[in-house]
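Okay, here's what each chain looks like letter by letter:
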Amino acid sequence: MTRRPIVAIDGPAGAGKSTVARGVAARLGFTYVDTGAMYRAAALRCVQNGNDPADAEACGAAAAAMRLEFAPGAGGVQRVLADGEDITDAIRTPEISALSSPVSKHPGVRRAMTALQREMGARGGVVMEGRDIGTVVYPDAEVKVFLTASAGERARRRAAERAAAGVEADVAAILREINERDERDSTRLEAPLRQADDARLLVTDGLTPEQVIDAIVAWANEAGEGAP
Ligand code: DC
């Protein structure tokens, strides 16, 4: 039996990956996997254990020992569980957002998360969002998209999201954060953020989420033609 397609969506912070990936998964009836949430969970576990986030060995061991699951929640929100504990909100704090990038560069952390991501997609029918899905996790994914937007556009979107959540938002500070995070994520040795040679580039400035979702769904349908 031919597997259902894997849709790999990579790109920098604030490109709109989550909204788009969730929308594509809903339209296709595929499972949505947010791999950023997995690296955030690893960072949280590292802190909860009292480990130094710079300690590659300790963070790698903590990530490998953690049992990570996604579960459907109220209102279609996906919950993240680590060893049975609901950490959905705990991984979205500014502290964990800042720590997830340095923790995600540890080889042991990446090995553990990559193995889990490959298990989650083994039967196909997934939309997986991250930084290295089309390059490292699923280099043979049927649909590979590199989703990006200008840094200014991404900062404005993040600020609007935070403002909507009632959090004070300073666009200039967010732009600095985004540039720093992009720089760290693209220059690290392990699985740096980069567009796979055969990924389709989608620059989302001026596009609505629906337009982006439509384009990716059409590519997935093309790729899935002939599959049962
Ligand atoms: O997408 P996000 O902001 O939730 O990701 C959190 C961090 O995890 C970010 O700094 C990059 C890292 N990450 C990664 O290294 N590889 C992935 N596949 C996904 C996220």
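In what follows, the structure referred to is the one given above.
If you're wondering where the values come from, they're calculated on a predicted model, not measured in any experiment. (Residues numbered from 1 in each chain as written. Predicted model: local features only at pLDDT ≥ 70, side-chain atom pairs only at ≥ 80, totals over all residues. Heavy atoms only, no water.)

Asker: Please set out the overall build of the protein chain residue by residue, giving values where relevant.
Answerer: For the protein chain, the count of helices and strands is nine helices and eight strands. On C-alpha atoms alone, the protein chain measures out to a radius of gyration of 17 Å, which is about the 17 Å that the 2.2 N^0.38 rule sets for 228 residues. For the protein chain, the C-alpha atoms occupy an extent of roughly 50 × 40 × 40 Å along the three principal directions. Across the 228 residues in the protein chain, those meeting the buried criterion constitute 47%. Intrachain contacts of the protein chain at a sequence separation of at least 6 include 72% that bridge at least 24 residues. Accessible surface for the protein chain amounts to roughly 10900 Å². Of this, 52% is attributable to carbon and sulfur atoms. (Helix = DSSP H or I, 4+ residues; strand = E, 2+ residues; numbered from the N terminus. Rg over C-alpha atoms; globule rule 2.2 N^0.38 Å. Buried < 20%, exposed > 50% of the residue type's maximum accessible area, 1.4 Å probe, protein only. Contact = heavy atoms within 4.5 Å. Areas by Shrake-Rupley, 256 points an atom, 1.4 Å probe, with all protein chains shown as cover.)

Asker: Pulling in residues and values, what's your account of the side chain of R110?
Answerer: Take R110: it is sitting in helix 5 (residues 107-120). Those residues in contact with R110, other than ones at most four positions away along the chain, are Y39, S104, D132, R188, E190 and A191.

Asker: Describe in detail helix 9 (residues 209-224), supporting the description with residues and values.
Answerer: Look at helix 9: 22 Å from first C-alpha to last across 16 residues, which is about the 22 Å you get at 1.5 Å a residue. Within the span of helix 9, buried status applies to V212, I213, I216, V217, W219, A220 and G224. Along the axis of helix 9, the buried positions cluster into a sector of 160°, meaning they face one direction only. (Expected span 1.5 Å × (residues − 1). Arc of directions from axis to C-beta.)

Asker: A description of the state of the cysteines should follow, citing residues and the corresponding values.
Answerer: Tallied over the entire structure, the rule returns one disulfide. With a sulfur-sulfur separation of 2.3 Å, C46 is cross-linked through a disulfide to C59. Linking C46 in helix 2 (residues 35-48) with C59 in helix 3 (residues 56-65), this pair joins segments that are 13 residues apart in sequence. Side by side, C46 and C59 carry an identical accessibility label, which is buried. (Disulfide = S-S within 2.5 Å.)

Asker: For unusual backbone geometry, give the residues involved together with the corresponding values.
Answerer: At D83, a residue that is not glycine, the phi angle is positive and equals roughly 50°. Take D83: it is sitting in the loop between strand 4 (78-82) and strand 5 (85-86). Judged by its relative accessible area of 36%, D83 falls in the partly exposed class. In this model, A191 sits at a positive phi of 45°, which is unusual for a non-glycine residue.

Asker: Lay out the site of the ligand in plain terms, naming residues and giving numbers.
Answerer: In the vicinity of the ligand lie 15 residues, with R40, R110, R131, D132 and R188 positioned nearest. With respect to the ligand, the side chain of R131 contributes an N or O atom lying 3.0 Å from an oxygen atom. Contact distances for the ligand include 3.5 Å between an oxygen atom and a side-chain N or O atom of D185. Here the ligand loses 97% of its free accessible area of 450 Å² to cover by the protein chains. (Near = heavy atom within 4 Å. Polar contact = N/O pair within 3.5 Å; in protein donor to acceptor, adjacent residues only side chain to side chain.)

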